[in-house]
Protein chains: 2
Amino acid sequence: MNTGKPRKGEKSMNTTVTVLGLGQMGSALARAFLAAGHTTTVWNRSAAKAGALVAEGAVRAESVREAVTASEVVVVCVTTYDDAHAVLGPVADALAGRTLVNLTSGSPEQARERAAWAAAHGADYLDGAIMTTPPGIGSSAFMLLCSGSPTAFAAHRDTLAALAAPVDLGADPALASLYDTALLGLMWASLSGWLHGAALTGSEEVPATRFTEVATRWMNAVGGFMTTYAPQIDAGRYPGDDATLDIHLATMDHLVHASEARGLDTGLPKLLRDVTARAVAAGHGRDGYAALIELVRAGGRA
Amino acid sequence: MNTGKPRKGEKSMNTTVTVLGLGQMGSALARAFLAAGHTTTVWNRSAAKAGALVAEGAVRAESVREAVTASEVVVVCVTTYDDAHAVLGPVADALAGRTLVNLTSGSPEQARERAAWAAAHGADYLDGAIMTTPPGIGSSAFMLLCSGSPTAFAAHRDTLAALAAPVDLGADPALASLYDTALLGLMWASLSGWLHGAALTGSEEVPATRFTEVATRWMNAVGGFMTTYAPQIDAGRYPGDDATLDIHLATMDHLVHASEARGLDTGLPKLLRDVTARAVAAGHGRDGYAALIELVRAGGRA
């Protein structure tokens, strides 16, 4: 007897899923749904791209309308929101009662607009951001950020888990896009600091692989500092009991000088130092590092 | 019978240790040595600071000479290398046969100079950098970076483990200081990226604590990218198979615009974007992120 609920140890229930857009990412998504046992319908503007997926078990839809009406969950992953609208606009009437999962990259404002449009056509809407590249799809080590309809998230979390670890950011559909941008900024900043460190130690013949073993251990500690400082930001108070901005500023000078002495780019070290110097000049010298958020919020002014 | 070797489950062998300099950090070091069962002698220029430690079991030395001659391992933790030399210079003759562990912050060049000086006086020399603040001392979650005499490191690794997890960077005494500077740069860059993300999501009423839960998960992925990219740096080839600089550059524009739209500081986003734009203009558009190290090495020029 099929109770409709997966039993422990059993593969989760088959969901009907459609993937619109079969670029590198869309193809990876379709493969991950197939691997998880879901009935997967695929469509792409140029039909040739569906061939390989059909050979792997996907159902090819001959039209967008056929693709949309085939499934409970419709995933769209194209280049821009305008592209997504060009695909879905003509079949808006077919979306009622389905869940539209938009994994196309766009702005927070575009996500809110799409959610309102989907609601007007009777569809549940989730906006998502996949925090990995196509080769990482299917691994729970990466996050699938989701925002929008709470009922859609609750109903399809297990299905989406085939792609990456679903993270519920809440009902505002803009949040997946905003977090995506924020996390990419964190990534670029971290990678740039790491490249600078690799260049600095590399100037004394330390291989990047050797430096990186130590750097990745250190990243765990840095993550711990974030966890310590986050409540300070929410409270608006930044006690400097572990290290004050005065102390950071003095040490930042070492980084600038060590970089200059080795002919390295000093853009990043000087930016870090100058922001801190402005905060110190404005009276934050006895505060901790998190006090710098006040300058970020004020457009860089202390 | 004491065989001289610690048995399994037993505290490791008592080493005689001296701590010179009892500021916040020096006092934390002395406490951690005491907690690990080592005979700990302490000295400070102003004697009053030793009082609390003596009450906890430390031996107070009346002079630097008495302090140095009391122990196999002499740890110096004062404000500058000049201070360290002012303390140790007059008792250089007493260092022969001992291990000098310099945990004073300084430049790579100063570390090499101190190592040569110590060797000239018959002492083994280790330069160290403690990658935590005084409250973190005693936890193996943090690193004690060591460079210098390999025999001294091998002999005293277990003793130093009372302070933090000892990491052997090799025989060049400059490396602890250089890694310290490089890792602090990585920390400031990462924390600045995190503060920016907290400000960005905070503009839509996301608490920093909520953003940080997701950000710290993401930091694990970012550490994975470093591990993936490090061999590319050592090989001097930067395949863009996961994401090219062209793709990064387009997304960096979103970060700049999202920040501008919310009145946030655009210093960091623009710096990240402009470096990438220079690399793309120089023909690195199809390369991966690690290609940017060539600009760092070339003083920012592509």
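Criteria and thresholds
- Residues numbered from 1 in each chain as written.
- Chains lettered and ligands numbered in written order.
- Predicted model: local features only at pLDDT ≥ 70, side-chain atom pairs only at ≥ 80, totals over all residues.
- Heavy atoms only, no water.
- Least-squares fit on C-alpha atoms with pLDDT ≥ 70 in both.
- Contact = heavy atoms within 4.5 Å.
- Helix = DSSP H or I, 4+ residues; strand = E, 2+ residues; numbered from the N terminus.
- Polar contact = N/O pair within 3.5 Å; in protein donor to acceptor, adjacent residues only side chain to side chain.
- Domains from an automatic or database assignment.
- Buried < 20%, exposed > 50% of the residue type's maximum accessible area, 1.4 Å probe, protein only.
- Pairing = 2+ DSSP bridges.
- Right-handed = clockwise from strand over helix to strand, strands pointing away.

Of the transformation placing chain A onto chain B, the axial shift is 0.0 Å and the rotation is 180°, giving an RMSD of 0.0 Å. The symmetry that links the two subunits is that of a two-fold axis. Using C-alpha coordinates, one finds that chain A approaches the rotation axis most closely at Ser190 of chain A, a distance of 2.2 Å. An overlap of 100% is found between the interface residues of chain A and their copies at the interface of chain B, pointing to a shared contact surface.

Residue and element names in this part refer to chain A. Assignment of secondary structure puts Tyr81 in helix α4 (residues 81-88). Note: C-alpha distance between Tyr81 and Gly202 (121 residues apart in sequence) is 43 Å. Setting aside its immediate chain neighbours within four residues, Tyr81 contacts Asn102, Thr104, Ser105, Gly106, Gln110, Ala111, Arg114, Tyr125 and Asp127. Here Asp127 takes part through its side chain, which lies 2.6 Å from a polar atom of the side chain of Tyr81.

Turning our eyes to something else, we now look at the domain arrangement of chain A. What the domain assignment reports for chain A is domain 1 (17-171) and domain 2 (203-297). Centre-to-centre separation of domain 1 of chain A and domain 2 of chain A, based on C-alpha positions: 40 Å.

With a phi angle near 70°, Glu205 of chain A is a residue other than glycine that sits in the positive phi range. Among the structural elements, Glu205 of chain A can be located in the loop between α7 (175-202) and α8 (208-235).

Residues and elements named next belong to chain A. Counting buried residues along strand β6 (residues 124-130), 6 of its 7 residues qualify, which places the element largely inside the surrounding structure. Direction of pairing for strand β5 (residues 99-102) relative to β6: parallel, over a ladder of 4 bridges. From the neighbouring strand, Asn102 faces β6, where its bridge partner is Asp127. Handedness of the crossover is the feature at issue here: the chain leaves β5, passes through helix α5 (residues 108-120), returns alongside β6, and the resulting connection is right-handed. Here β6 runs beside strand β7 (residues 143-148); their pairing, made up of 5 bridges, is antiparallel. Bridge assignment links Gly128 to a residue of β7, and that residue is Cys146.

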